[in-house]
Amino acid sequence: MNFENIAEQVYQETFDKMFDALVEEYKRGEIDLETLEANAEEQSQVLLNGMFEGETKFAYTNAIVDAHQFVISRIKNGTLVVE
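Remember, it's a predicted structure, so these values are computed and weren't measured experimentally.

A. Up close: the pattern of salt bridges. For the structure shown, the criterion picks out four salt bridges. We note a salt bridge from arginine 28 to glutamate 30, for which the minimum N-O separation is 2.9 Å. Glutamate 37 is paired through a salt bridge with lysine 76; the nearest N and O atoms lie 2.9 Å apart. Highlighted residues: glutamate 37 in helix 2 (residues 33-50) and lysine 76 in helix 3 (residues 55-76), separated in sequence by 39 residues.

Okay, here's the thing in structure tokens:
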């Protein structure tokens, strides 16, 4: 792993895993929009705090927030539905 790109790699790996997990949970009815929105809000606060904890922590938390927000947007625009 190239140390210059570690934050970017952490972000992408975290985002991909989190996004896929959230999509599957939503499709199976295991998580709802309200919970996703609450989680995104909570993780956004962690993200603000993480800015002071280093680039890798920031990238990790940013990926979690982005994955939640992307799933929320797909639900709201109708491209992701419970199966």
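B. Inspection of the packing of aromatic side chains at higher detail. Under the criterion given, the structure shown has three aromatic pairs. A ring pair is formed by tyrosine 11 and phenylalanine 15, whose centres lie 6.1 Å apart and whose planes are at 15°; its orientation type is stacked. Residue tyrosine 11 and its partner phenylalanine 15 are located together in helix 1 (residues 6-27), separated by four residues, close to a single helical turn. Arranged with centres 5.8 Å apart and planes meeting at 10°, the rings of phenylalanine 15 and phenylalanine 19 form a pair that is stacked. Here phenylalanine 19 and phenylalanine 15 lie together in helix 1, a separation of four residues that amounts to about one turn. Across the pair, exposure class does not vary: phenylalanine 15 and phenylalanine 19 are buried alike. Taken together, the aromatic side chains of Tyr11, Phe15, Phe19 and Phe70 make up a single cluster linked through ring pairs.

Cut-offs applied
Residues numbered from 1 in each chain as written. Predicted model: local features only at pLDDT ≥ 70, side-chain atom pairs only at ≥ 80, totals over all residues. Heavy atoms only, no water. Salt bridge = Lys/Arg side-chain N within 4 Å of Asp/Glu carboxyl O. Helix = DSSP H or I, 4+ residues; strand = E, 2+ residues; numbered from the N terminus. Phe/Tyr/Trp six-rings, centres within 6.5 Å; stacked < 30°, edge-to-face > 60°. Buried < 20%, exposed > 50% of the residue type's maximum accessible area, 1.4 Å probe, protein only.

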